[in-house]
Amino acid sequence: MKFLLDLLLLLPLLIVCCLESFVKLFIPKRRKSVAGEIVLITGAGHGIGRLTAYEFAKLKSKLVLWDINKHGLEETAAKCKGLGAKVYTFVVDCSNREDIYSSAKKVKAEIGDVSILVNNAGVVYTSDLFATQDAQIEKTFEVNVLAHFWSSKFSAVGFHKALTDELAALQITGVKTTCLCPNFVNTGFIKNPSTSLGPALEPEEVVNRLMNGILTEQKMIFIPSSIAFLTILERILPERFLAVLKRKINIKFDAVIGYKMRAQ
């Protein structure tokens, strides 16, 4: 009985929240200023990380760029400096926790506390599970999963949700989280990537959506937007139908948004 009473007491809050969400559909949130903020971007030497660094440079942020590729890192830094930003570079292996710890310590001591962290670094292999080498599986987890804890995709959504919920439970309102879930992006890591959701995305499109999401404090960013619809379908459609649908479109969509890639 007490449980039902508690639910009834929450009903007014539910109505208010629904109305608030409806209004936000028509009144987009204003972008916040990040001028002077210290922005740390992992995987900044290539692709989305590089383009994201350019966008923050245009917004006059102070950039801390990490990448394992020194040459790519220097190229990104040079362009950002040309855009008027102050830039600091660190050659960091995001699969090495000690490397991350020592680099983070240097950033804090020499530059200051990071305001925005963009966990972009990642690795990807085009083979299916049975053809993937053990070392490749380990490297994927070290960079794409464990690097979140030491300092990038299938597990990132679950980690993001858990972190967001924990921050709310601790009533820490000053820390915002945004999770990006794109289809395959044409960054050069994979030759002619393709899924049944459509052609590979261009990095510029992804970065534009990412920047808007960060600056308007969106929780989740799905690109294309149909991915969000697929996650809803999984919760309501019969399991047998879902199995057939997944085979038809050659994609797996779970609560943590994973993609089965068809390399060409």
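Residues numbered from 1 in each chain as written. Predicted model: local features only at pLDDT ≥ 70, side-chain atom pairs only at ≥ 80, totals over all residues. Heavy atoms only, no water.

1. Focus: the sheet that holds strand 3 (residues 87-91)
Two strands in a sheet stick together by hydrogen bonds in their backbones, pointing the same way (parallel) or opposite ways (antiparallel). If you trace the four strands from one edge of the open sheet to the other, you get 3-2-1-4, paired in parallel fashion. Lying at the two open borders of the sheet, with one neighbouring strand each, are strand 3 and strand 4 (116-118). Averaged over all pairs of adjacent strands, the angle between strand axes in this sheet comes to 15°, irrespective of strand direction. Direction of pairing for strand 2 (residues 62-67) relative to strand 3: parallel, over a ladder of five bridges. Along strand 3, the bridge assignment pairs Val 64 with Tyr 88. Seen against the sheet, helix 4 (residues 97-110) touches strand 2 and strand 3 and runs at an angle of roughly 165° to strand 2. (Pairing = 2+ DSSP bridges. Helix = DSSP H or I, 4+ residues; strand = E, 2+ residues; numbered from the N terminus. Axes fitted to C-alpha atoms, helices over the stretch in contact; angles between N-to-C directions. Contact = heavy atoms within 4.5 Å.)

2. What about the nonpolar core?
Grouped together as the largest cluster of nonpolar side chains are 29 residues, with contacts concentrated most on Ile 41, Phe 56, Leu 63 and Leu 65. Only strand 1 (38-42), helix 2 (47-58), strand 2, helix 3 (70-82), strand 4, helix 7 (203-215) and strand 8 (220-223) provide two or more residues apiece to this core. Structurally, this core is a two-domain feature, drawing no fewer than three residues from each of domain 1 (33-154) and domain 2 (176-257). Counting residues in hydrophobic clusters, the runner-up holds 13 residues, among them Trp 66, Val 92, Val 107 and Val 143. (Core = buried A, V, L, I, M, F, W, Y, C linked by side-chain atoms within 4.5 Å. Buried < 20%, exposed > 50% of the residue type's maximum accessible area, 1.4 Å probe, protein only. Domains from an automatic or database assignment.)

3. Observations concerning the packing of helix 2 against helix 3
Where helix 2 meets helix 3, the closest approach of the two axes is 9 Å, and the angle between their N-to-C directions is 20°. The orientation of helix 2 with respect to helix 3, classified from their angle, is roughly parallel. In this structure, the crossing between helix 2 and helix 3 has a hand that is right-handed. Counted together, Arg 50, Ala 53, Tyr 54 and Ala 57 of helix 2 and Gly 72, Glu 75, Thr 76, Lys 79 and Cys 80 of helix 3 form the full contact between these two elements. Among the residues making up the contact of helix 2 with helix 3, the classes are represented as four nonpolar, two polar and three charged. (Parallel < 35°, antiparallel > 145°, perpendicular 65-115°, else oblique. Left-handed = near helix turned anticlockwise from the far one by under 90°. Nonpolar A, V, L, I, M, F, W, Y, C, P; charged D, E, K, R; others polar.)

4. As for the packing of aromatic side chains
Evaluation of the coordinates by the stated rule reveals zero aromatic pairs. In this structure, Lys 79 is placed above the aromatic ring of Tyr 54, and the distance from its NZ or CZ to the ring centre is 4.5 Å. (Phe/Tyr/Trp six-rings, centres within 6.5 Å; stacked < 30°, edge-to-face > 60°. Lys NZ or Arg CZ within 6 Å of the ring centre and 35° of its normal.)

5. Looking at the pattern of salt bridges
Summed over the entire model, instances satisfying the criterion amount to six salt bridges. For Glu 75, the salt bridge identified is with Arg 50, shortest N-O distance 3.0 Å. Of the two residues, Glu 75 is situated in helix 3 and Arg 50 in helix 2; the sequence distance between them amounts to 25 residues. Taking the relative accessible area as the measure of exposure, Glu 75 reaches 38% and is therefore partly exposed. Salt-bridge contacts for Glu 55 lead to Lys 58; the nearest nitrogen and oxygen are separated by 3.2 Å. Note that Glu 55 and Lys 58 are positioned in helix 2 at a spacing of three residues, about one turn of the helix. On the basis of relative accessibility, which here comes to 48%, the residue Lys 58 falls in the partly exposed class. Here the salt bridges do not stand alone but share partners, grouping Lys 29, Lys 32 and Glu 217 into one network. (Salt bridge = Lys/Arg side-chain N within 4 Å of Asp/Glu carboxyl O.)

6. Regarding the packing of helix 2 against helix 7
Put simply, helix 2 and helix 7 touch, their axes get as near as 9 Å, and they point 50° apart. By the angle between their directions, the pair helix 2 and helix 7 is classed as oblique. Along this stretch, helix 2 crosses helix 7, giving a crossing that reads as right-handed. Together, Ile 48, Leu 51, Thr 52, Glu 55 and Phe 56 of helix 2 and Pro 203, Glu 204, Val 206, Val 207, Leu 210, Met 211 and Ile 214 of helix 7 make up the contact between the two elements. Broken down by class, the residue content of the contact of helix 2 with helix 7 amounts to nine nonpolar, one polar and two charged.

7. Here's the deal with helix 6 (residues 156-169)
With 14 residues, helix 6 extends 20 Å between its outermost C-alpha atoms, agreeing within 8% with the 20 Å of an ideal straight helix rising 1.5 Å per residue. Within helix 6, burial applies to Ala 156, Val 157, His 160, Thr 164 and Leu 167. The arc enclosing the buried residues of helix 6, seen along the axis, measures out at 95°, which places them on a common side. Seen from the buried face of helix 6, the exposed residues on the opposite side, beyond 90 degrees, are Lys 161, Glu 166 and Ala 169. One or two steps after helix 6, the chain reaches Gln 171, where phi turns positive at roughly 60°. (Expected span 1.5 Å × (residues − 1). Arc of directions from axis to C-beta.)

None of the figures reported here should be taken as evidence of function without further support.
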